[in-house]
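Listed here are the chains, written in short residue letters.
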Amino acid sequence: MPKNAHKRSKKAGLPPGSLVHIGEKKAERTKIMIIDYDEQNFQEKEARTVEECFPFKETATVTWINIVGVHDSEVVSKVGSHFCIHSLILEDIMTTQQRPKMEDMGEYIYVVVRMLSYEGRKREVLSEQVSLIIGSNFVISFQENGGDVFNSVRERIRTGKGRLRKLGPDYLAYSLLDSIVDNYFLVLEKLGEKVEDLEEELISDPGRKTLHEIHVLKREMIFLRKSVWPLREVVSGLERAESRLIKESTGIFLRDVYDHTIQVIDTVETYRDMLSGMLDMYLSSVSNRMNEVMKVLTIIATIFIPLTFIAGVYGMNFKFMPELDWRWGYFAILVFMFGISVLMLILFKRKKWL
Amino acid sequence: MPKNAHKRSKKAGLPPGSLVHIGEKKAERTKIMIIDYDEQNFQEKEARTVEECFPFKETATVTWINIVGVHDSEVVSKVGSHFCIHSLILEDIMTTQQRPKMEDMGEYIYVVVRMLSYEGRKREVLSEQVSLIIGSNFVISFQENGGDVFNSVRERIRTGKGRLRKLGPDYLAYSLLDSIVDNYFLVLEKLGEKVEDLEEELISDPGRKTLHEIHVLKREMIFLRKSVWPLREVVSGLERAESRLIKESTGIFLRDVYDHTIQVIDTVETYRDMLSGMLDMYLSSVSNRMNEVMKVLTIIATIFIPLTFIAGVYGMNFKFMPELDWRWGYFAILVFMFGISVLMLILFKRKKWL
Amino acid sequence: MPKNAHKRSKKAGLPPGSLVHIGEKKAERTKIMIIDYDEQNFQEKEARTVEECFPFKETATVTWINIVGVHDSEVVSKVGSHFCIHSLILEDIMTTQQRPKMEDMGEYIYVVVRMLSYEGRKREVLSEQVSLIIGSNFVISFQENGGDVFNSVRERIRTGKGRLRKLGPDYLAYSLLDSIVDNYFLVLEKLGEKVEDLEEELISDPGRKTLHEIHVLKREMIFLRKSVWPLREVVSGLERAESRLIKESTGIFLRDVYDHTIQVIDTVETYRDMLSGMLDMYLSSVSNRMNEVMKVLTIIATIFIPLTFIAGVYGMNFKFMPELDWRWGYFAILVFMFGISVLMLILFKRKKWL
Amino acid sequence: MPKNAHKRSKKAGLPPGSLVHIGEKKAERTKIMIIDYDEQNFQEKEARTVEECFPFKETATVTWINIVGVHDSEVVSKVGSHFCIHSLILEDIMTTQQRPKMEDMGEYIYVVVRMLSYEGRKREVLSEQVSLIIGSNFVISFQENGGDVFNSVRERIRTGKGRLRKLGPDYLAYSLLDSIVDNYFLVLEKLGEKVEDLEEELISDPGRKTLHEIHVLKREMIFLRKSVWPLREVVSGLERAESRLIKESTGIFLRDVYDHTIQVIDTVETYRDMLSGMLDMYLSSVSNRMNEVMKVLTIIATIFIPLTFIAGVYGMNFKFMPELDWRWGYFAILVFMFGISVLMLILFKRKKWL
Amino acid sequence: MPKNAHKRSKKAGLPPGSLVHIGEKKAERTKIMIIDYDEQNFQEKEARTVEECFPFKETATVTWINIVGVHDSEVVSKVGSHFCIHSLILEDIMTTQQRPKMEDMGEYIYVVVRMLSYEGRKREVLSEQVSLIIGSNFVISFQENGGDVFNSVRERIRTGKGRLRKLGPDYLAYSLLDSIVDNYFLVLEKLGEKVEDLEEELISDPGRKTLHEIHVLKREMIFLRKSVWPLREVVSGLERAESRLIKESTGIFLRDVYDHTIQVIDTVETYRDMLSGMLDMYLSSVSNRMNEVMKVLTIIATIFIPLTFIAGVYGMNFKFMPELDWRWGYFAILVFMFGISVLMLILFKRKKWL
């Protein structure tokens, strides 16, 4: 649902940079998780106060501060002022209906994207906003409610597997983006299964419900598209950013995420095309069936209406109706009626109505 | 309504730069409001004559001259000649169906945009033209009728909250644009509610009125689009303008407005897509219902027409009809008819018509 | 009508630059009008022979030679050779179905556009080709038949009002283009009125005629578009032309015409969108009405066909039909029939068919 | 028909540059025509063997070698090796379903386009491939079967009229392209006549045949488009080619051909739009007529079904039916029936069904 | 089917560069074929272990290592580490639903495309992923299952026909791409035949099956498009690559493949347009037939319903019905009924329903 227009009215009239939370309050309490590492060392803790994460600004190690819950303007503004983040950026972080974008602010890079997940029980796609602040030795990530998408990254940092511990905050940011995009494939898998189910239903037993579900899926695709298309620009923006914060060696990894994004877009567009095709097919099968129904009606009516008329004629009560007195009149008329029916059927056969 | 073509005929044949008011006369009397400020001082007054605002051209402070009502060519031309504004620009100010645009004239920048507001009672979107002249130490704004959109900016100047008092006329112009774009979100909220209402109506109880309202909303979207798309170019034009009038520090704020504009466009496009989908759904539900109606008709006709024929046969008055004399003829024929009906119903069941 | 393909066959096989008139012969006789002016002097005359306008090539004053009627190849070729115009340009002038374009030939600039006017009686849009040759001290304009669109320009030269007499041939050319584009607004006004009339008709009393007129207007829009889109390139081409023939000060005026052209395009596109929407609405209202008709038929048939059957049963002539002998049989059956009808109506009510 | 995919299988697996003729064999025997000329001299002959045209490679005069029939790989390969043409180019010449393109090979320029002609008897558009090799002092043209499109060029060379004899091979190539594009206008004229005929038929007497012909024309437009769109790139490619083979003075002529190409594209697109509009109109007139048919059926049924029921009631054989014995029962019932009919008709009148 | 989203979930959460096979396991066992050649020498063998192909990295001759089956991560990772291939590239090779792309890695170029083949028995298009690693003296190709598409290239190397043996690995890579694209034409031929068959079926005997097959073909076109559009970028990327690995002389050959790719795209788009046209035609023929069926029903009903009513009237049992006693009443009423029928038929004739 295009809820991004909603609630924004709260902010109309306030000066730019005002920190007002726009959106649903998804997390109960703001949670701050700090992971600090370099190739040798690793430290992980949950901060009780926002001030606990301030010392990490100066360390030489890479620090990942993950803040879950963006409704608390105090937390956001404290982090913002300590890490020297522009007030408009802070406003964007708290306004949870941002269009994915990337902004190179010199001292840091701001990235905002949408994280999707598929809610199994309600069978719907959930969406939350993720903001990343990429500094020279830290990454701050803001989530609306802490899903488990970043767990694999955390695990890789903990175990020290892969390149993650050896490389800088740009690689960490890439890893976070990569895990978000990888999750898109999971969501698309689920939607793809729905599309295929609908397709089978369309052939075996199409009904109103099928139509409704095609429309619902089509609308879900509209919103997916809205999240994914700008993501492409975000990733290619990062790749081409002439910032000292993004090392050249990270380029190939970003290109890889970019390729995945294109693939996601391709798949979304393919599903859209397929759903349009299915809608067309539904409509043409409806008019096909209508045609069939009409044919049955016409055949029945065309055969029996004349016969009923004939029966009606000999049901008239005229005094003088010579046929009525004939010995074989009744049988003759039955044979005549039968003849007409057979003739009609032959005619229908020729017209390919049967 | 595309009224921009209307009334323009008044001007055909006049030399370019002729000051003729094109459009509805929305304000009774031209009202001139002057706000003059710098970080320390603040002065606000309503000018009785247009000449009262002339001295402010020379002051070092930032002056905002807000002129409500553009139908009075004398006022516009006097302001124009004192502030050295090109006659074509003056013509554009008075022709109230301009496409949003931005023109860098060296000494000043001319910006014209559309301000939207939602009229609650009539449930329709109102639109007025706002022109801005951004000079080195003043901003002149021309409105058609003074809505309350700029009130929050005024309030911020009065109270000195935020950056507004500390920065120059470019930041003032940005603030005005920002408040206009913020208002778009309010309008979209209202339209979004309408779209959602229609959607529910479409599922629960679709009728002719629903269809009509979808069409009305679709047309409103056409006109919204026409206002919003060029706005994007206006804002990005201001951002990239290599003018000494726009300070570099204002860039990030303009980029923020730009992002909001993109979001407005996105939302408008999404609503358009949703309305198209709803129209499709309406049409397919109409043909679905037609199909259902046809089925009922066909079932009734297919069962009863043959039965009526049989009844007609035994209503004939032939002298010699052996069945009529049978003791159980009547009951036999009733059973026979019942049998045919049951058979038909089984057939319909198989064809999934029931 | 796309008549540009027509008649072109006359020219197939001729060498390029052959002067053959392609198109309707609209003016009886070629008329040559000369206006010669500078800030102080002004002279206007109608030339009897084409040679009369030759001396003006050398004068320091600005000369406007307006030639009405392009079917006379002798006149065109004489003018062409005296003013050193390329034979391909002359060919374009005489081929009256040119796509609007602009060509910078160094010594002169060639501009060809379409002039539209609305014929009130026949209620149709007329179109003629206007070619402009802009030289260093002259403008030659070729019209198919002399409409009154240029009269206002003539008047302004005569009276010396505005800038026209003070500026060069580039400003004159601009003035001519401006008056042509201004005339587009008049045409669009008329078409806009038609669109609005149709819209009302669509709601109050749609019929076949409405459908036909929507189609006719849609087609008119196709042809308007074809004239207007390339005009945009023509004007922006003139504006960006690095030619000494177009003074820099004329730039802002051309930009103004450009804005008008964009507005015309916007309006045309809006009308197209509206007409498409109206077509959709017409079609859906047709299927809506069909649905309604079907419902009435189905209700009538579903109620009366079973009743007729029952009547038919008791019209059978079986010897032994106990009900027939009952005292209240007839009334019982009437009550039964009435009960069935009421039941049916309740059912229809529930299905929202009534 | 998209036959370009057909027959290509013959070549799959062969090394690139293999000379295999792909396409229909349209000419019986390869014919080679040589025209050699400069401003003073002119010579024309038909070569019996391919070797006869070899000496012309060295002469200072302009030579036009026109080869009709591209199915003979020996002729093509001999010409190719003598004039040093790349084997891939030779392959393209023989594969007669090329997309129009232009390739600057340094020593020569290769151009391949489609030549269209309208076959009057079968009323269909024929298409053949024309390849041009433009060298420094020769043009070699390959046609599939020698149409009469180039005759006018030949005639102009023979008579020495126009610029043709004075200018080089680039102007000759331009003339050939120009005559091909001019021929497109002839084809479009014929198709335009068909479109107009169909349009009249659509209003006066639309039927299945009309529908079929609209579809056939629409498909012809698809294929025309496929030939014409790339042609635009070919001509603009030639114009902008920084090759010494294309003299600067030829630029304006190529620009002229370019304008014609754009006009052809415009016309094709307009016809496509018109045909789409006609299809829409056909469909809406079909559903209009269906609606009308339904109305007639409904009116008849709604009037007579209740009446028949009433007649049926009084046809029942109940012993005790008091009305039957009334003196004026029969006439009363007739009047009653008449009243119902009139009431129904008034109702239909109100609903605008009559 | 858009199966590229499927199975990807296996990889979500793994660090980038993890070698997990994504896709169907099409080949039983990984097969490694080595062809080593220069102009004089030629050697071909099947490697039993992956290590056998390592020595060829250093030789001066051109080596083509063809690996069939990409499910074995050990083989891929060994080859990868010996030939210094980036782990992300290896991941792409094993993830068999890649979008065609080309990546210049400096030391080698990575190309991934889709190879299509038409499965005759099941009448469906099969698709497999082919990856090419182009080094300075080797080409490594990865196939999912070894089709016979590369056989012609192998044969040309063996026999030494053509340029293949004389040129480097870039020409070998070109030859492989060329044979893949050539195969596209074969697939399009088959699909084109299907399209034509469907077209005939549509005219002679359209039914549900036709509709279904149009939809199936349309969907196949969606997927073909998805494979072919990015291929264009791949080939033009190779052509413009400023890599020392691609010699300039190979440019014209790549341009040739590029042209073929464009032709494939053109054909796919044409088929799409044709299929859309066919769908429209199917739908309009369905509504045409519905219209016809409705007419027959209406004619029958409109003639016989009134007649049946009249017969019903004279079947009423009123005591006093004077007509019943008339001598010629019965015949009069028969004549009257006949008259009404004839009148109706004349009316239908006029309305062009017959």
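Residues numbered from 1 in each chain as written. Chains lettered and ligands numbered in written order. Predicted model: local features only at pLDDT ≥ 70, side-chain atom pairs only at ≥ 80, totals over all residues. Heavy atoms only, no water.

Enquirer: Before we go on, may I ask you to explain the packing of aromatic side chains in this structure?
Expert: Centre-to-centre distance and the angle between the planes together describe a pair of aromatic rings. This structure, assessed with the given rule, holds 65 aromatic pairs over all chains. Measuring from ring centre to ring centre gives 5.7 Å for W328(C) and F331(C), while their planes differ by 50 degrees; the resulting arrangement is tilted. By relative accessible area, which is 28% here, F331(C) ends up partly exposed. Feature note: the residues Y314(A), W328(A), Y330(A), F331(A), F318(B) and F320(B) constitute an aromatic cluster, connected by ring pairs. One Lys or Arg, R327(C), reaches over the ring of F320(D) and ends 3.5 Å from the middle of that ring. (Phe/Tyr/Trp six-rings, centres within 6.5 Å; stacked < 30°, edge-to-face > 60°. Buried < 20%, exposed > 50% of the residue type's maximum accessible area, 1.4 Å probe, protein only. Lys NZ or Arg CZ within 6 Å of the ring centre and 35° of its normal.)

Enquirer: Please explain the relation of the copies chain B and chain A as it appears in this structure.
Expert: One copy of the chain maps onto the second through a rotation around an axis plus a translation along that axis. In screw terms, the move from chain B to chain A is a rotation of 72 degrees and a rise of 0.2 Å along the axis, fitting with an RMSD of 0.1 Å. A rotation of that kind, with that shift, is consistent with a five-fold axis. In terms of proximity to the rotation axis, the leading residue of chain B is G315(B), whose C-alpha is 4.8 Å off the axis. By residue overlap, the copies meet through two different surfaces: only 17% of the interface positions of chain B are interface positions in chain A. (Least-squares fit on C-alpha atoms with pLDDT ≥ 70 in both. Contact = heavy atoms within 4.5 Å.)

Enquirer: Honestly, the relation of the copies chain D and chain C in this entry has me stumped. Any pointers?
Expert: Taken as rigid bodies, chain D and chain C are interconverted by a rotation of 72 degrees and an axial shift of 0.2 Å, the fit giving an RMSD of 0.2 Å. The fraction of interface residues of chain D whose copies in chain C are also interface residues is only 17%, indicating that the copies meet through different surfaces.

Enquirer: Explanation requested: the sheet that holds strand β4 (residues 101-104) of chain B in the structure shown.
Expert: The strands making up a sheet are joined through hydrogen bonds of the backbone, oriented either antiparallel or parallel. Residue and element names in this part refer to chain B. Strand order in the open sheet formed by seven strands is β2-β1-β3-β7-β6-β5-β4, and the pairing between neighbours is mixed. One side of each edge strand has no neighbouring strand; the edge strands of this open sheet are β2 (42-47) and β4. Across the sheet, the mean angle from the axis of one strand to that of its neighbour is 20 degrees, orientation sign disregarded. Bridge analysis of strand β3 (residues 62-68) against strand β7 (residues 138-143) gives six bridges, and the strand direction is parallel. Looking at the pairing, I65 lines up with I140 of β7. Its contacts with the sheet place helix α1 (residues 73-82) against β1 (31-37), β3 and β7, and it is angled at close to 165 degrees to β7. (Pairing = 2+ DSSP bridges. Helix = DSSP H or I, 4+ residues; strand = E, 2+ residues; numbered from the N terminus. Axes fitted to C-alpha atoms, helices over the stretch in contact; angles between N-to-C directions.)

Enquirer: Honestly, the interface of chain B and chain A in this entry has me stumped. Any pointers?
Expert: Interface extent is often summarised as the accessible area lost during association of the parts. Across the boundary between the two partners, chain B contributes 64 residues, which contact 65 residues of chain A. Of the roughly 5800 Å² buried between chain B and chain A on both sides combined, carbon and sulfur atoms contribute 63%. Considering only the side of chain B, the residues that lose the most area to chain A are F309(B), F318(B) and F320(B), jointly responsible for 12% of the buried surface there. There are five salt bridges connecting chain B and chain A. Summed over the shared surface of chain B and chain A, the number is 14 residue pairs in polar contact (both at pLDDT 80 or more). Elements that contribute at least two residues to the side of chain B that touches chain A include exactly α3 (151-159), α4 (169-204), α6 (251-313) and α7 (322-325) of chain B. Among the elements that take part in the side of chain B that touches chain A, α6(B) stands out by supplying 36 residues, more than any other. (Buried area = accessible area lost by both parts, 1.4 Å probe. Salt bridge = Lys/Arg side-chain N within 4 Å of Asp/Glu carboxyl O. Polar contact = N/O pair within 3.5 Å; in protein donor to acceptor, adjacent residues only side chain to side chain.)

Enquirer: Looking at this structure, I do not really get the confidence of the model for chain A. What am I missing?
Expert: Fine structural detail should not be taken from predicted coordinates in areas where pLDDT scores are low. All names here are of chain A. Taken residue by residue, chain A gives an average pLDDT of 86. The fraction at 70 or more is 96%. Considering each helix and strand of chain A separately, the mean pLDDT is smallest for helix α7 (residues 322-325), with a value of 83, and largest for strand β7 (residues 138-143), with 94. Under a pLDDT of 50 for its full length, residues 1-6 has, in the predicted model, 22 contacts with residues more than four places off or in other chains. The ipTM assigned to the predicted complex is 0.79, against a pTM of 0.83. (pLDDT = per-residue confidence, 0-100.)

Enquirer: Would you explain the interface of chain D and chain C in this entry?
Expert: Taken together, the contact pairs 63 residues of chain D with 65 residues of chain C. Summed over both sides, the interface of chain D with chain C buries roughly 5800 Å², with 63% coming from carbon and sulfur. For the chain D face of the interface with chain C, the top three residues by lost area are F309(D), F318(D) and F320(D), together amounting to 12%. Summed over the shared surface of chain D and chain C, the number is five salt bridges. We note a salt bridge from K101(C) to D259(D), for which the minimum N-O separation is 2.3 Å. Summed over the shared surface of chain D and chain C, the result is 14 residue pairs in polar contact (both at pLDDT 80 or more). Those elements that place two or more of their residues in the side of chain D that touches chain C are α3 (151-159), α4 (169-204), α6 (251-313) and α7 (322-325) of chain D. Class assignment of the residues belonging to the side of chain D that touches chain C gives a composition of 27 nonpolar, 16 polar and 20 charged. (Nonpolar A, V, L, I, M, F, W, Y, C, P; charged D, E, K, R; others polar.)

Enquirer: Help me understand the nonpolar core in this model?
Expert: For soluble globular proteins, the rule of thumb is that nonpolar side chains tend to be buried together. Membership of the largest hydrophobic core comes to 131 residues, with the highest contact counts inside it found for Y314(A), Y314(B), Y314(C), Y314(D) and Y314(E). Element by element, the count of residues in this core is highest for helix α6 (residues 251-313) of chain A, at 16 residues. In this structure, Y314(A) is in contact with M321(A), E323(A), L324(A), I333(A), M316(B), N317(B), F318(B) and Y330(E), ignoring residues within four places of it in sequence. (Core = buried A, V, L, I, M, F, W, Y, C linked by side-chain atoms within 4.5 Å.)

Enquirer: What am I meant to see in the pairing of strand β5 (residues 109-119) of chain E here?
Expert: The side chains of a regular strand alternate between both faces of the sheet. Residues and elements named next belong to chain E. Counting buried positions along β5 yields nine of 11 residues, so the element is predominantly enclosed. Here four bridges tie strand β4 (residues 101-104) to β5, and the two strands are oriented antiparallel to one another. Paired with E103 across the bridge in β5 is Y110. Here β4 folds back onto β5, and the loop between the two strands holds four residues, one of which, G106, carries a positive phi near 85 degrees. Examined bridge by bridge, β5 and strand β6 (residues 124-134) share 11 bridges and lie antiparallel to one another.

Enquirer: Just to check I follow, could you spell out the pairing of β1(B) for this structure?
Expert: All names here are of chain B. Burial within β1 is extensive, with five of its seven residues counted as buried. Of the pairings in the sheet, the one linking β1 to β3 comprises seven bridges and is antiparallel in character. Looking at β3, one finds that Y37 is bridged to V62. The antiparallel hairpin formed by β1 and β2 contains four residues in its connecting segment.

Enquirer: Sorry, what's going on with unusual backbone geometry here?
Expert: Residue and element names in this part refer to chain C. With a phi angle near 55 degrees, C84 is a residue other than glycine that sits in the positive phi range. With respect to the element layout, C84 can be found in the loop between α1 (73-82) and α2 (87-94). Residue classification places C84 among the exposed residues on the basis of a relative accessible area of 51%.

Enquirer: Quick question: what am I supposed to make of the pattern of salt bridges here?
Expert: Oppositely charged side chains can form a pair if their charged atoms are brought close together. Taken as a whole and assessed by the stated rule, the structure comprises 96 salt bridges over all chains. Where R158(B) meets E44(B), a salt bridge forms, and the shortest distance between an N and an O atom there is 2.8 Å. Taken as a pair, R158(B) in helix α3 and E44(B) in strand β2 lie far apart in primary sequence, 114 residues in all. Using a relative accessible area of 34% as the deciding quantity, one classes R158(B) as partly exposed. According to the relative accessible area criterion, E44(B) is partly exposed, its value standing at 31%. Across the salt bridge formed by R29(E) and E46(E), the nearest N and O atoms sit 3.8 Å from each other. In this pair, R29(E) is assigned in the segment before β1 (31-37) and E46(E) in strand β2 (residues 42-47), connecting sequence segments 17 residues apart. Within the structure, one salt-bridge network assembled from shared partners comprises D92(A), K101(A), E103(A), E239(B), R255(B) and D259(B).

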